[in-house]
Structure formats: structure tokens, C-alpha cells
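These are the residues of each chain, in order.
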Amino acid sequence: MSHLYSFHGGIHPPEHKAESNGARIATVPLPPQLVVPLSQHIGNGAKPLVAPGDLVRKGQMIGSADGRVSAAVHAPTSGRVLTVAPRVIAHPSGLSEPCVVIEPDGEERWVERSPFDWRNADGSVVMDYLRDMGVVGLGGAVFPSHLKLGGARALDTLVINGAECEPYITCDDRLMRERADEIVTGIRIVRTLMNAQRVKVGIEDNKPEAIEAMQLACGGSDIEVIAVPTLYPSGGAKQLTRLLTGREVPAGVRATDLGVQCFNVGTVQALYRALEHGEPLISRIVTLTGAVAQPGNVEALLGTPLSHLMAFAGAGPEVAGYVYGGPMMGFVLPSLDAGLSKSGNCIIARSPELFPTAPPEMPCIRCGTCAEACPAQLQPMDLYWFARARQFGRTQERHLFDCIECGACAYVCPSNIRLVDYFRYAKSEIWAAEKSRDAATVARRRHEARQARQDREKRERAERLADHYLPGGRAPAQPG
Ligand code: SF4
Ligand code: SF4
């Protein structure tokens, strides 16, 4: 039996899993329009390849990857492109980003699909293929998967994340129960591509059916399916890696440099569909729960308006807003007009009973409870203090960027301080400052290059004049 390690801190919020994990994954009827964001992943958004009026097939690439850290975007169904324009996306600020709006024709006409011969392809060709199939991490981070695959020549342990520790979310639970064979085939592919010696699949022990299904699908192999204690945030990549391998992955260090890499169960299933069936990532499983008549999980096309999904789940007039993601790491949606994105693992309809108004913040009493709960072993009260005082350098000295924004500290804080809000604020201020510093450096380099070019042109002009007017000789050096 595999040894289990532990991580520091963690909390036990009410699970709220039973509401949505009982029924099989349902299919949502086609909406009248799909609003497909071109940026659904970490890195550069995709570059549009279609224009209004174009007819597209299901699975056709409609946005190509822009650079190394990017991924392609595809038409989730066949139909006509209505527009390519900014539309509200699922973001806490209500931000608009370029989207391709498609009117489905209801015929679901696919592009030609065929398996990809990944066994005989060069590693870089497989990476390019996966980038072009739009495969990104489906556990919430939406990091382009080809980059994670390309980082290692030989791996000690491949960690597969089926923990799904955040309350309310059950999409991975249902996926493991219903499509364990596809997940395991995906695991075998990733294992081969990464040359991994061993594979450990971590699933929280509150999902006995998923554990059983995965064990059955792995039967006879050396892939270990391991039940980990239900403790939030055991599904964080670093926390699960620590639980299963005992290894710490410090901030700024690539997991592959330590011989480990972690993939979500949904991601390896998407990898399998892409490589063995030639299907790009055009849909995902999403949990619809909270104050709805029919909580459950659906397989929805990317770009499906969130309003369409919540109408399908039976959200009533008593709903007081919606959360995209889980209650710990998700955010309140300013609008349901946005289309479902690759990161959309859960939508929770909020009611005053389920989500009572947060009590007012009180002063920090330096009780240290937040530090006890922090899985990253930070001192959240110090981070809070320096973020409030806008001493961002001090927050960095105290490892602000090791914070995974899990919300465990805020959950236990007796003074109801919304600590994560302060940490996000500090991070965004630091990023903005770095961006403007980078912009100043670029401007200075541009100025220097322009100056050098002008000096060179001046010199060349002088030399030309000398050649012209002084037979057999060059002009004397020009000052300046
Ligand atoms: S738990 Fe809240 S009150 Fe206690 S030290 Fe942390 S921030 Fe301060
Ligand atoms: S949000 Fe950050 S500081 Fe708070 S417990 Fe999680 S990792 Fe620690």
C-alpha cells in the first residue's frame, strides 16, 4: 500500500456534494447562439480565423494559438458565424473580450476526424498537435497542456488529480464514475509521452464510487488509485503532489524539475479524445448546483450561454447571484450572458439560505488561526497587514506568490477579514508595476536603438559625402 504524506493546514467546509453527484451526466440542448471566447486559457488568446457569415463545422479551428503559451479554439457545433467581437466573458469584473458568436444549424456536422499517430511522432509534433486541438488543464488552471507535457524527459511520478476537494463541485466525480476507461487510457498516453516510472491517482475518500470505478479501470496495471483524506485543499496540485509523493514544489520551480507532474482527470480524458479520436476540446462537464430545481452535471458545449445552462438546471427567481467555480476559489458572476469557457467546472446559484450575507470585517486580533489553516505555510495576517499598507515589497518578501488563493485563511478568520481579496489586490498591483517597468524598459531600448540608428546614418552620410567630394579620401570624423 502506498504511503500517504500530509500537508500543513487545511479545513473542512461543508461539502454540499450530495446535491449534484447522484444523477448521470446529462446533455444540454443546443442554445440559439454560442458565444465562444477566444481566450479561454492562461497565456495569449487565440487569433481569430473566421469572419461574420462564414459557415463552420463542428470541431473546426476558429482561433489559432498565438505564440508558445496559447491554445487553439474550435467551433463547438456546425453553423454560421454571426460576429467576431468583444462580448462579456466569465470574469469577476464583467470584462469583455473577443468572442466568436455562432448560430448553430442543428446538424452537428463534424470536420473530418482521425486518430493521431502519437506513438510514432516526435515529441514536439505531439505538443503542436495538442496545442492545435485546444487541450488545456480542466481542473481550473486552464494551463495549455502541451507545455506541461513538453517539460520532462523522464518523470519519476505522474500524479493524476481526481481529488476534487472544493465544496459543491462534482464534475470530476461523475466523469470518473462514468468514463473511467477513457481517463485511464489518457493516463497511459501521458505516462508514455512523459516516460513516467510510476502513476498515482489521488481521489478524496468522499468519492467511493469514483475510487471503485477507477480501480476497476486500472485493474491489472501498476497504476495506483489512492484514497486521500477529505481535507480542503487536497486537490491543489502542490498539496496533492505532497500527499502522494512527499515532495514540495516551491514557487518558481517547475514540477518536472523535481521529477513529478500533475494532470487533472478531465485533462487526461480530453487528451485521450484528441489523440485517439481527433476531437478537439469543444465541450466540458460542468456542475450546475445551489438553488436550482435540478442540480447535477451536464456535458455542455463551450460557448453555451451561462443563462441557458442555469435555465436548464431550473434556477428560480429567488436566486441572488451566481458563482463561477466553487465557493472557495470561484467568483460572483456579474452577468449570465457570458459563454461557458474551458475553466467553467461549476456554476452555483446563490440563495440567502445557502450564502448568507458575510458579517462585517473586524480588526485583526493576531490570533494566528489563519496561519494554522494555510496549506502554503504562509503568515496570512502579515500579508494582509502589508497589502493594506500598500507595502507590496514586504508582501513579496513574505512569499505572497506562494499563496494559491484557496481561501482557507479567510474561512477560519474570526474577524471575517476577506483575506484573499487583499492578496489578489496586492498581486495585481505588483503585476501592474512590473508591466509598467517592462514598458519603460522597452521604451528606453527603443530610444537607444533609434539613437544608434541615427548616429549610424549620420556616419554613413558623411562617408558617402567624403567619397564624393574628396578624391581618394574620407571626410574627417563628424562631431556628435
Ligand atoms: S485569523 Fe484573522 S484575526 Fe486571526 S490573525 Fe489571521 S487575519 Fe488576524
Ligand atoms: S489563500 Fe493563500 S494565504 Fe490564505 S490559506 Fe490559502 S494559500 Fe494560505
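Just so we're clear, the structure is a prediction, and the values are computed from it rather than from any experiment.

Trainee: Would you mind going over the overall build of the protein with me for this structure?
Mentor: When you go through the protein residue by residue, the secondary structure sums to 13 helices and 17 strands. Considering the protein as a whole, with its 480 residues, one finds that 49% of them fall into the buried category. Accessible surface computed for the protein: about 22,500 Å², of which carbon and sulfur atoms make up 52%. Counting 51 positive and 52 negative side-chain charges, the protein places the averaged centre of each group 7 Å from the other.

Trainee: What should I look at first to understand the site of ligand 2 in this one?
Mentor: The environment of ligand 2 is made up of Cys374, Pro375, Pro380, Cys403, Ile404, Glu405, Cys406, Gly407, Ala408, Cys409, Val420 and Phe423. Taken together, the elements giving at least two residues each to the shell around ligand 2 come down to α12 (408-412) and α13 (419-469).

Trainee: Explain the UniProt feature "binding site: [4Fe-4S] cluster 2" (unreviewed entry) in the protein here, please?
Mentor: What UniProt calls "binding site: [4Fe-4S] cluster 2" (unreviewed entry) maps, in this numbering, to Cys374, Cys403, Cys406 and Cys409. For the residues just named, distributed over 36 residues, the greatest C-alpha separation is only 10.5 Å, placing them together at one site. For Cys374, the position within the fold is in the loop between α9 (369-373) and α10 (380-388). Overall, the relative accessible area of 8% leaves Cys374 in the buried class. Other than its neighbours up to four places away in sequence, Cys374 contacts His8, Gly9 and Pro380. Examined against the element boundaries, Cys403 turns out to sit in the loop between α11 (392-397) and α12.

Trainee: Just to check I follow, could you spell out the UniProt feature "binding site: [4Fe-4S] cluster 1" (unreviewed entry) in the protein for this structure?
Mentor: In this numbering, the UniProt entry assigns the feature "binding site: [4Fe-4S] cluster 1" (unreviewed entry) to Cys364, Cys367, Cys370 and Cys413. The annotated residues occupy 50 residues of the chain but converge on a single region, no pair of C-alpha atoms lying more than 10.6 Å apart. Mapped onto the elements of the fold, Cys364 is located in the loop between β17 (346-349) and α9. Judged by relative accessible area, which is 32%, Cys364 ranks as partly exposed. Within the element layout of this structure, Cys370 appears in helix α9. Of the residues examined, Cys370 reaches a relative accessible area of 8% and is grouped as buried. When sequence neighbours within four positions are dropped, the list of residues in contact with Cys370 reads Pro380, Met381, Cys409, Val412 and Leu419.

Trainee: Got a minute to help me understand the site of ligand 1 in this structure?
Mentor: In the vicinity of ligand 1, the residues found are Cys364, Ile365, Arg366, Cys367, Gly368, Cys370, Met381, Cys413, Pro414 and Ser415. When grouped by side-chain class, the residues that make up the shell around ligand 1 number seven nonpolar, two polar and one charged.

Trainee: Honestly, the domain arrangement of the protein in this entry has me stumped. Any pointers?
Mentor: Interface size is often expressed as the accessible area that is lost when the parts come together. Domain assignment breaks the protein into domain 1 (26-283), domain 2 (284-349) and domain 3 (358-480). Computed over C-alpha atoms only, the centres of domain 2 and domain 3 are separated by 35 Å.

Trainee: What am I meant to see in the packing of aromatic side chains here?
Mentor: Per the counting criterion, the structure on display carries six aromatic pairs. Ring centres 5.7 Å apart and planes at 70° place the aromatic pair Phe392 and Tyr425 in the edge-to-face group. Here Phe392, found in helix α11, pairs with Tyr425, found in helix α13; they are 33 residues apart in sequence, far enough to count as distant. On the accessibility criterion, Tyr425 (31% relative accessible area) is partly exposed. On the numbers, 5.6 Å between centres and 50° between planes, the contact of Phe401 with Trp431 is tilted. A residue pair is termed long-range when its members are at least 10 positions apart, and Phe401 in the loop between α11 and α12 and Trp431 in helix α13 qualify at 30 residues. In this structure Trp431 comes out as partly exposed when scored by relative accessible area, which is 48%. Lying across the ring of Phe263, Lys148 places its NZ or CZ 4.8 Å from the centre.

Trainee: Quick question: what am I supposed to make of the pattern of salt bridges here?
Mentor: Any two side chains of opposite charge can pair if their charged atoms end up close together. Applying the stated criterion across every chain, the model contains 32 salt bridges. Ionic pairing is found between Arg119 and Glu276, a salt bridge with its closest N-O pair at 3.7 Å. Of this pair, Arg119 sits in the loop between β8 (96-104) and α1 (123-132) while Glu276 sits in helix α7 (residues 265-277), and the two are 157 residues apart along the sequence. Looking at Arg119, the relative accessible area reads 58%, which means it is exposed.

Trainee: I would appreciate a short explanation of the pairing of strand β13 (residues 283-290) in the present structure.
Mentor: Taken residue by residue, a regular strand's side chains alternate between the two faces of the sheet. Of all eight residues that make up β13, eight are buried, and the element is covered over most of its length. The two faces of β13 match: Ser283, Ile285, Thr287 and Thr289 on one face and Arg284, Val286, Leu288 and Gly290 on the other face are all buried. Here six bridges tie β13 to strand β14 (residues 296-301), and the two strands are oriented antiparallel to one another. Considered in β14, the bridge of Ile285 is made with Glu299. Summarising the sheet, β13 and β17 pair through four bridges and their orientation is parallel. Pairing of Thr289 across the sheet is with Ile348, part of β17.

Trainee: Is there a simple way to think about the sheet that holds strand β7 (residues 79-88) in this case?
Mentor: The strands that make up a sheet are held in pairs by hydrogen bonds between backbone atoms, and each pair lies either parallel or antiparallel. As summarised here, the arrangement of the four strands in space is β2-β8-β7-β4, forming an open sheet in which the pairing is antiparallel. Either end of the sheet is taken by a strand with one partner, and the two such strands are β2 (34-37) and β4 (55-56). Two strands pair when backbone bridges link them, and β2 and β8 are joined in this way by four bridges, in the antiparallel orientation. When the sheet's bridge partners are listed, Leu34 is paired in β8 with Ile102.

Trainee: Help me out: how do you make sense of the environment of Cys406 in this one?
Mentor: Summarising the element assignment, Cys406 is placed in the loop between α11 and α12. Take Cys406: its relative accessible area is 6%, and that puts it in the buried class. For the pair Cys406 and Ala433, spaced 27 residues apart in sequence, the C-alpha separation works out to 24 Å. In this structure, Cys406 is in contact with Tyr232, Pro233, Met328, Met329 and Pro375, ignoring residues within four places of it in sequence.

Calculation criteria
- Residues numbered from 1 in each chain as written.
- Chains lettered and ligands numbered in written order.
- Predicted model: local features only at pLDDT ≥ 70, side-chain atom pairs only at ≥ 80, totals over all residues.
- Heavy atoms only, no water.
- Helix = DSSP H or I, 4+ residues; strand = E, 2+ residues; numbered from the N terminus.
- Buried < 20%, exposed > 50% of the residue type's maximum accessible area, 1.4 Å probe, protein only.
- Areas by Shrake-Rupley, 256 points an atom, 1.4 Å probe, with all protein chains shown as cover.
- Lys, Arg positive; Asp, Glu negative; His and termini not counted.
- Charge placed at Lys NZ, Arg CZ, Asp CG, Glu CD.
- Near = heavy atom within 4 Å.
- UniProt positions renumbered as here; feature names shortened; annotations may be inferred.
- Contact = heavy atoms within 4.5 Å.
- Nonpolar A, V, L, I, M, F, W, Y, C, P; charged D, E, K, R; others polar.
- Domains from an automatic or database assignment.
- Phe/Tyr/Trp six-rings, centres within 6.5 Å; stacked < 30°, edge-to-face > 60°.
- Lys NZ or Arg CZ within 6 Å of the ring centre and 35° of its normal.
- Salt bridge = Lys/Arg side-chain N within 4 Å of Asp/Glu carboxyl O.
- Pairing = 2+ DSSP bridges.

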